[in-house]
Amino acid sequence: LRYLDKFTPESIQGNSNTNILTALEVALDLDPSIIVLITDGLLTTSPNYPIEVNKDVILEKVREKNVNNAVIYVVALEINIKRSPGAKLLVSLAEEHNGKIKVVDTDLLHQYVKQDGPAE
């Protein structure tokens, strides 16, 4: 949590590099039995850094690549599971790959940081 606390909303404003598909493909190339994906779920792209943002394409490619049935756990930071744009993708990734999703909303994230102490 101390590491994640370094990434405050101020430090990630304008971030255009949330590439969930590539992160999962790289992880799956390592032939893991478990993957923990920590993300805000906001798939963002830009002309200089195009990424796949189609939920169905991402899910299909992960299905194809996950040949050894790695379990995928998702830690969803600061999202609303019912309203956030990337929530359905994150839920589907966890459910389809026998994992679970843990949503850490803003208030809970701040509570964890306070318990863990300030970031170094």
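Here, every reference points to the structure presented above.
What counts as what
Residues numbered from 1 in each chain as written. Predicted model: local features only at pLDDT ≥ 70, side-chain atom pairs only at ≥ 80, totals over all residues. Heavy atoms only, no water. Buried < 20%, exposed > 50% of the residue type's maximum accessible area, 1.4 Å probe, protein only. Helix = DSSP H or I, 4+ residues; strand = E, 2+ residues; numbered from the N terminus. Arc of directions from axis to C-beta. Contact = heavy atoms within 4.5 Å. Pairing = 2+ DSSP bridges. Salt bridge = Lys/Arg side-chain N within 4 Å of Asp/Glu carboxyl O. Right-handed = clockwise from strand over helix to strand, strands pointing away. Core = buried A, V, L, I, M, F, W, Y, C linked by side-chain atoms within 4.5 Å. Axes fitted to C-alpha atoms, helices over the stretch in contact; angles between N-to-C directions. Parallel < 35°, antiparallel > 145°, perpendicular 65-115°, else oblique. Nonpolar A, V, L, I, M, F, W, Y, C, P; charged D, E, K, R; others polar.

Trainee: Sorry, what's going on with helix α4 (residues 55-65) here?
Mentor: Owing to its 3.6 residues per turn, the α-helix aligns residues three or four sequence positions apart on the same side. Among the residues of α4, those classed as buried are I58, L59 and V62. Seen along its axis, α4 keeps its buried residues to an arc of 95 degrees; they face one direction. Across from the buried face of α4, at angles greater than 90 degrees, the exposed residues are D56 and E64. Each element contacted by the buried residues of α4 is listed here: α3 (20-29), β2 (71-77) and α5 (87-96).

Trainee: It is not clear to me how the pairing of strand β3 (residues 101-104) should be interpreted in this structure. Could you clarify?
Mentor: Working note: regular strand, side chains alternate between the two faces of the sheet. When β2 meets β3, the two strands line up parallel, connected through 4 bridges. Bridging across to β3, V75 finds its partner in K102.

Trainee: I'm lost on the pattern of salt bridges in this one. Help?
Mentor: Two side chains with opposite charge may pair up if their charged atoms get near one another. With the rule as written, the count across this model stands at 4 salt bridges. A salt bridge links K55 to D56; the nearest nitrogen and oxygen atoms lie 3.5 Å apart. Among the residues examined, K55 registers a relative accessible area of 29% and is labelled partly exposed. The class for D56 is exposed, based on a relative accessible area of 52%. R63 serves as the salt-bridge partner of E96, at 2.7 Å between the closest nitrogen and oxygen. Of this pair, E96 sits in helix α5 while R63 sits in helix α4, and the two are 33 residues apart along the sequence. You can call R63 partly exposed: its relative accessible area is 37%. Through salt bridges that share partners, E60, R63 and E96 make up one connected network.

Trainee: When you look at the pairing of β2 in this model, what are you seeing that I'm missing?
Mentor: Burial within β2 is extensive, with 5 of its 7 residues counted as buried. In this sheet, β2 lies alongside strand β1 (residues 34-39) in parallel orientation, the contact comprising 6 bridges. Of the residues in β2, the one forming a bridge with L37 is V74. Of the crossover connections in this fold, the one passing from β2 over α5 to the parallel β3 is right-handed.

Trainee: How should the nonpolar core be read in this particular structure?
Mentor: Nonpolar side chains tend to gather and get buried jointly when the protein is soluble and globular. Among the nonpolar cores identified, the biggest contains 20 residues, and I20, L24, I35, V62, V74, L90 and L93 are the most heavily contacted of them. Mapped onto this core, the elements with two or more residues apiece are α3, β1, α4, β2 and α5. When residues no more than four places from it in sequence are discounted, the contact partners of I35 are L24, A27, L28, A70, V71, I72 and Y73.

Trainee: Sorry, what's going on with the packing of α3 against α4 here?
Mentor: Packed helix pairs are specified by the crossing angle of their axes together with the interaxial distance, meaning the distance between the axes. Contact pair α3 / α4: the axes reach a minimum separation of 10 Å and the direction vectors enclose 5 degrees. One element, α3, and the other, α4, form an angle in the roughly parallel class. In this structure, α3 contributes L21, L24, E25, L28 and D29 to the contact, and α4 contributes I58, K61, V62 and K65. Of the residues contributing to the contact of α3 with α4, the split by class is 5 nonpolar, no polar and 4 charged.

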